[in-house]
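Below, each chain spelled out in residue letters.
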Amino acid sequence: MHRYTPADDRALRAIADYCLDRLAMEAPLDRPLSPAELEDLAGQTVTPGGIGPDEALRLWADVLGPACLSVDHPRYLSFIPSAPTKAAASFDMLVGASSVYGGSWLEGSGAVYAENQALRWISDLAGLPAEAGGAFVQGGTIGNLSALVAARESASHKRGGRPRRWAVCVTEETHSSVKHALAVVMDVDVIEVPGDARGRMLGTALRDTVAALGDEARDSIFAVVATAGTTNLGVVDDIAGIADVADEHGWWLHVDGAYGGAGLAAPSVRGLFAGVERADSFIVDPHKWLFAPFDSCALIYRDPVQARVAHTQHASYLDPVTVEGEWNPSDFAIQLTRRARGLPFWFSLAVHGADAYRDAVEQTLTVARAGADLIRAAEHVQLLIEPDLTVLLFERIGWDVDDYARWGSELLADQIAFVTPTRHDGRVCTRFAIVNPLTTVDDLALIIDSMR
Ligand SMILES: *Cc1c(COP(=O)(O)O)cnc(C)c1O
């Protein structure tokens, strides 16, 4: 590479200015472009001689950036959005600029120390023991997979062998990443426990399902996954009841709080999570409802030693970082080289303090409750599930798939909102997922009114 030049300096300052502007403004929603449109507007960007920093940044600012939706827009309510604080988003730039290797204590002790304090805050909210710990990984998908691999490894060690097949209990509402990890990545059987009327797994249903299995199938189970905030419906499983059954059978209890785990910070809903303190592993994505930028999942084990047995990679070239008593984030998940992706969350938590997090989560809950009231009061829409957290699932009475599609595209084309259809019980409907403290009741009213 060439040495640092005045052009680099100009680019660097222009990038810093762009980021400051982006953080200071209320950014538009923006819209996706087709491959042909992008080809037309951006053309070939990688050339033998390089297009230089000014042109590359211009392309980003004028063409490529506006072709990416702003997930932190207050009326981006699809999937699970993200709403990073300015502190978290700006610290993300610092992480990139600092060339920190986040995989090992030897190389990143300061970063790992800070990340571990953030993990500690989450562990304490969950009521996990003092020795609990883990690492920040890319997202809930890798967090769930890593936890389930550790669970299976632990079961193998405990049994001194493996059954013909392994199995894990889930529900229909369990996140796709868990089912994919089990069925495809791990080749493990998935046992579906019927949910209650709101799709929650209850301890009683789990017990009944397992009692109805043959001995071999029952013996193949090594874990159960409870969801603390299902993605589509936003409800919390009966974690305490599930933990009882897990204890009876000696299974590993994994709690997937990728979205809803943030609710642990809010006194008004904390009671829904009773039993989470009994989890063997727990995840929550700070990039969802904890105001951090992508991509960041806090993966925490009750007994990190078991996770280390499963995940530490062994090779002569890694001996220098494999030091007894040193906390290597790479030892707790399927990863080696690692961006210190927990740092933006840590910085924002350190800056604002835990009370501000409690208040911000409560703020979104308050808006979600008011939104539910609006839907209950309006005649043209109908709430389909009583919400536990900040997901509102509802239908526009009389609409079919095409109506939702047309309405959703118009809202985005008009830069009003991003709301996509989903399905529940075989019916097409839509949902709001509210994780942004800047989303107001008026924002929700505007969208609900647009469905008249
Ligand atoms: C979003 C989500 C996941 C997957 O997390 P990613 O960060 O998207 O990989 C897993 N479980 C639940 C409950 C989720 O909401």
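Residues numbered from 1 in each chain as written. Predicted model: local features only at pLDDT ≥ 70, side-chain atom pairs only at ≥ 80, totals over all residues. Heavy atoms only, no water.

### Re the domain arrangement of the chain
Our working rule: Either an automatic procedure or a domain database provided the assignment from which the domain bounds are taken.
Looking at the chain, the domain boundaries give domain 1 (6-70), domain 2 (92-352) and domain 3 (354-449). Here the C-alpha centroids of domain 1 and domain 2 sit 36 Å apart.

### Some details on the site of the ligand
Rules: Proximity is defined per residue: if any heavy atom of the residue lies within 4 Å of a molecule or strand, that residue is considered near it. The definition of a polar contact used here is a pair of N or O atoms within 3.5 Å, where within protein one atom must be able to donate a hydrogen and the other to accept one, and adjacent residues in sequence count solely through side-chain atom pairs. We get accessible surface area from the Shrake-Rupley algorithm with a probe of 1.4 Å; when it comes to residues, only the shown protein chains can shield them. Counting from the N terminus, the helices are DSSP H or I runs at least four residues long and the strands are E runs at least two residues long. Basically, the charged four are Asp, Glu, Lys and Arg, the nonpolar ten are Ala, Val, Leu, Ile, Met, Phe, Trp, Tyr, Cys and Pro, and anything else, Gly included, counts as polar.
Taken together, 14 residues are adjacent to the ligand, and Thr-141, Thr-231, Asp-256, Asp-285 and Lys-288 come closest. One of the backbone nitrogen or oxygen atoms of Gly-140 is found 2.8 Å away from an oxygen atom of the ligand. His-287 places a side-chain nitrogen or oxygen 3.0 Å from an oxygen atom of the ligand. Protein chains bury 87% of the 380 Å² of accessible surface belonging to the ligand in isolation. Breaking the shell around the ligand down by element, the ones donating at least two residues are α6 (140-159) and α11 (286-289). Here the shell around the ligand is built from residues that sort into two nonpolar, nine polar and three charged.

### Overview of helix α13 (residues 343-352)
Put simply, the test is: Note on exposure labels: buried denotes an accessible area under 20% of the residue type's maximum, exposed denotes more than 50%, and partly exposed covers the range between, all computed with a 1.4 Å probe on protein chains only. It only takes one pair of heavy atoms within 4.5 Å for two residues to be counted as in contact.
Looking at α13, one finds that the buried residues are Leu-343, Pro-344, Phe-345, Ser-348 and Leu-349. The inward-facing, buried residues of α13 abut α4 (86-98), α5 (105-126), β1 (133-137), α11 and α14 (354-377). Within two residues after α13, Gly-353 carries a phi angle of roughly 85 degrees, on the positive side.

### Brief notes about the pattern of salt bridges
Applied cut-off: Whenever Lys or Arg places a side-chain nitrogen within 4 Å of a carboxyl oxygen from Asp or Glu, that contact is recorded as a salt bridge.
All told, the structure shown has 30 salt bridges when counted by the stated rule. Across the salt bridge formed by Asp-295 and Arg-341, the nearest N and O atoms sit 3.1 Å from each other. Here Asp-295, found in the loop between α11 and β7 (297-301), pairs with Arg-341, found in the loop between α12 (304-311) and α13; they are 46 residues apart in sequence, far enough to count as distant. For Arg-376, the salt bridge identified is with Glu-386, shortest N-O distance 2.8 Å. In this pair, Arg-376 sits in helix α14 while Glu-386 sits in the loop between β8 (381-383) and β9 (391-396), placing the two residues ten residues apart along the sequence. Note on Arg-376: relative accessible area 42%, which makes it partly exposed. The partly exposed category is assigned to Glu-386, whose relative accessible area is 43%. Among the charged side chains, a salt-bridge network with shared partners connects Glu-55, Arg-58 and Asp-62.

### Here we look at the sheet that holds strand β11 (residues 427-433)
Under the convention used in this document: Pairing between strands is defined by DSSP: at least two bridges between them are needed. Axis angles are defined between N-to-C directions and span 0 to 180 degrees, where every axis is a line fitted to C-alpha atoms and, for a helix, only to the segment in contact.
Strand order in the open sheet formed by four strands is β8-β9-β11-β10, and the pairing between neighbours is antiparallel. The strands lining the two open edges of the sheet, one partner per strand, are β8 and β10 (421-424). Geometrically, the sheet is characterised by an average inter-axis angle of 45 degrees between neighbouring strands, direction not taken into account. Across four bridges, β10 lies against β11 in antiparallel orientation. Bridging across to β11, His-424 finds its partner in Arg-427.

### Re the nonpolar core
Defined as follows: Here, nonpolar core refers to any group of buried Ala, Val, Leu, Ile, Met, Phe, Trp, Tyr and Cys residues whose side-chain atoms link them within 4.5 Å.
If you look at the biggest cluster of nonpolar residues, it comprises 57 residues, and the most contacted ones within it are Leu-206, Val-224, Leu-253, Val-255, Trp-289 and Phe-345. Those residues in contact with Leu-206 that lie beyond four places of it in its chain are Cys-169, Val-193, Met-201, Val-224, Ile-242, Val-245 and Trp-251. Ranked by size, the runner-up nonpolar core spans 31 residues in total, among them Leu-148, Ala-181, Val-188 and Ala-258.

### Overview of the pairing of strand β2 (residues 167-171)
Side-chain positions along a regular strand alternate between the two faces of the sheet. Going by this rule: Consider the strands pointing away from the viewer: the crossover is right-handed when the path from the first strand over the helix to the second runs clockwise.
Buried residues dominate β2, accounting for five of its five residues. Neither face of β2 is open: one carries Ala-167, Cys-169 and Thr-171, the other Val-168 and Val-170, and all of them are buried. Where β2 lies against strand β3 (residues 189-193), five bridges are found, and the strand directions are parallel. Its bridge partner being in β3, Thr-171 is matched across the sheet by Val-193. Of the crossover connections in this fold, the one passing from β2 over helix α7 (residues 176-185) to the parallel β3 is right-handed.

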